[in-house]
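# Descriptive analysis of the structure
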Amino acid sequence: MIHPLNPALGTTFAPPVMEARRWIEGVTFPPERPLINVSQAAPIDPPPLALRQAIAQAALDNPAAHLYGPVLGNGDLRAEVAAQWSATYGGTITPAQVAITQGCNQAFCAALATLAGAGDEVLLPTPWYFNHKMWLDMAGVTTVPLPTGPSLLPDPDHAAALITPATRAIVLVTPNNPGGVEYPAELVRAFADLARRHGLALIVDETYRDFDARSGAPHDLFTDPDWDETLIQLYLSKAYRLTGHRVGAIVASAARLAEVEKFLDTVAICPSQLGQIAALWGMQNLTQWVAGERAEILARRAAMTAGLAALPGWKTLGCGAYFAYVEHPSPLPAPEFAKRLVTEASVLLLPGTMFMPATDPAGQRQLRIAFANIDTAGIAELMRRLAALQP
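Residues numbered from 1 in each chain as written. Predicted model: local features only at pLDDT ≥ 70, side-chain atom pairs only at ≥ 80, totals over all residues. Heavy atoms only, no water.

### With respect to the pairing of strand β3 (residues 121-126)
Side chains on a regular strand alternate between the two faces of the sheet. What counts, and what does not: Remark: exposure states derive from per-residue accessible area (1.4 Å probe, protein chains only) relative to the maximum for the residue type, with buried under 20%, exposed over 50%, and partly exposed in between. Working definition: helices are DSSP H or I runs of at least four residues, strands are E runs of at least two. Numbering for both runs from the N terminus. Whether two strands pair comes down to DSSP finding at least two bridges between them. Classification remark: right-handed applies to a crossover when, strands pointing away from the viewer, the course from the first strand over the helix to the second runs clockwise.
Of all six residues that make up β3, six are buried, and the element is covered over most of its length. Note: β3 against strand β4 (residues 142-147), six bridges, orientation parallel. Among the inter-strand pairings, Pro 125 is bridged to a residue of β4, identified as Leu 146. Remark: the β3/helix α6 (residues 130-138)/β4 crossover connection has right-handed handedness.

### A short note on the side chain of His 219
Formally: Two N or O atoms form a polar contact when they lie within 3.5 Å of each other; inside protein one atom must be a possible hydrogen donor and the other a possible acceptor, and for residues adjacent in sequence the pair counts only when both atoms belong to side chains. Residue contacts are counted whenever heavy atoms from the two residues lie within 4.5 Å of one another.
Assignment of secondary structure puts His 219 in the loop between β6 (201-205) and β7 (231-235). His 219 sits in the buried class, given a relative accessible area of 3%. A distance of 3.3 Å separates the side chain of His 219 from the backbone nitrogen of Leu 221, its partner in a polar contact. For His 219, the residues in contact, after removing those within four places along its chain, are Tyr 89, Ala 185, Val 188 and Glu 206.

### Digging into the pattern of salt bridges
Quick reminder of the rule: Here, a salt bridge means any side-chain nitrogen of Lys or Arg that lies within 4 Å of a carboxyl oxygen of Asp or Glu.
Tallied over the entire structure, the rule returns 17 salt bridges. Across the pair Asp 220 and Arg 189 runs a salt bridge whose closest N-O atoms are separated by 3.0 Å. Separated by 31 residues along the polypeptide, Asp 220 in the loop between β6 and β7 and Arg 189 in helix α8 (residues 185-198) bring together distant segments of the chain. Looking at Asp 220, the relative accessible area reads 34%, which means it is partly exposed. The exposure class of Arg 189 is buried, given its relative accessible area of 18%. For Arg 189, the salt bridge is made with Asp 224, and the minimal N-O distance between the two is 2.9 Å. Taken together, the positions of Arg 189 in helix α8 and Asp 224 in the loop between β6 and β7 put the pair 35 residues apart, joining distant regions of the chain. As far as burial versus exposure is concerned, Arg 189 and Asp 224 are alike and both buried. Counted as one network, the salt bridges with shared partners bring together Arg 189, Asp 193, Arg 196, Asp 220, Asp 224, Asp 226 and Glu 229.

Written as structure tokens, this is what we have:
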């Protein structure tokens, strides 16, 4: 027992990816069946050579790359995000409405810190992204689960019934983590209208937007002239493989970002200079390369969808971005089945219970497969192992 301990932190669950990694400690995997790790949504390859060279050049020749920078991020990167978003979404976003953060998790925490405190409520669709739930728990904010059912798409009418005087925000993640589903533009619009009617913030986390299978803007919220009265968008381009450099973004009103600045200055002072330099270089030079990355992820998505469809007893609930979210055929609860997969199939993935309230039995039947770090050949091997495993 640790004394003293913040009770909100003490009741927050352990980081799921780190918990799952402990399952493989001391396990020896046979040479003919090496571990397939589909537990974490992060590419394992480094950035492309040209981008690594740009990072190295900045580290060698740019003294500012090693110093503190503006708390809300470098002006050139904020301007680039604003210009590209305005073009992509057909709206008007200014640099003053953009802040750069140390990854998208920090963007979420900073945005929520401006919105809600102990005793307030936030609507979170389930299955949820576990780090969102963890931050709300640590901050003493009550998470109100919004079940999505077998479609994995939240219902605005159901959300409306859950709103109370304590509600401060609704959170959407699209393409979804963990579910993989892409929210239709009209659904995102319906939630924006709901939030506006009730004076709430709508947080739209678009971390995986670069891998959306649809062409064009995924929603039209930025076309509203007063979008920043309701919308807070979060973004982190994993397309450039800069996960270790931690670069994220918040797009919101300048007034809200002035409050965000207080949070960021206290936590990290400023985002990484090298990460920002890399993100700017990538945005300006790697459009075609990113298109190739998107095509590769979509090919993996197709392979996952086809492979899962051929597995007896397995049911795909959603597949997109980096994720497949499935129902498994085993009579075992998901956590036990996931641990069995480690020893009997050399596969590490996460059970649905890590994305659901403990009281929701659906999590016991569900698993998340993150396929960002396995190619189509690896997916074929994964399917072979799952098919060979007796439920």
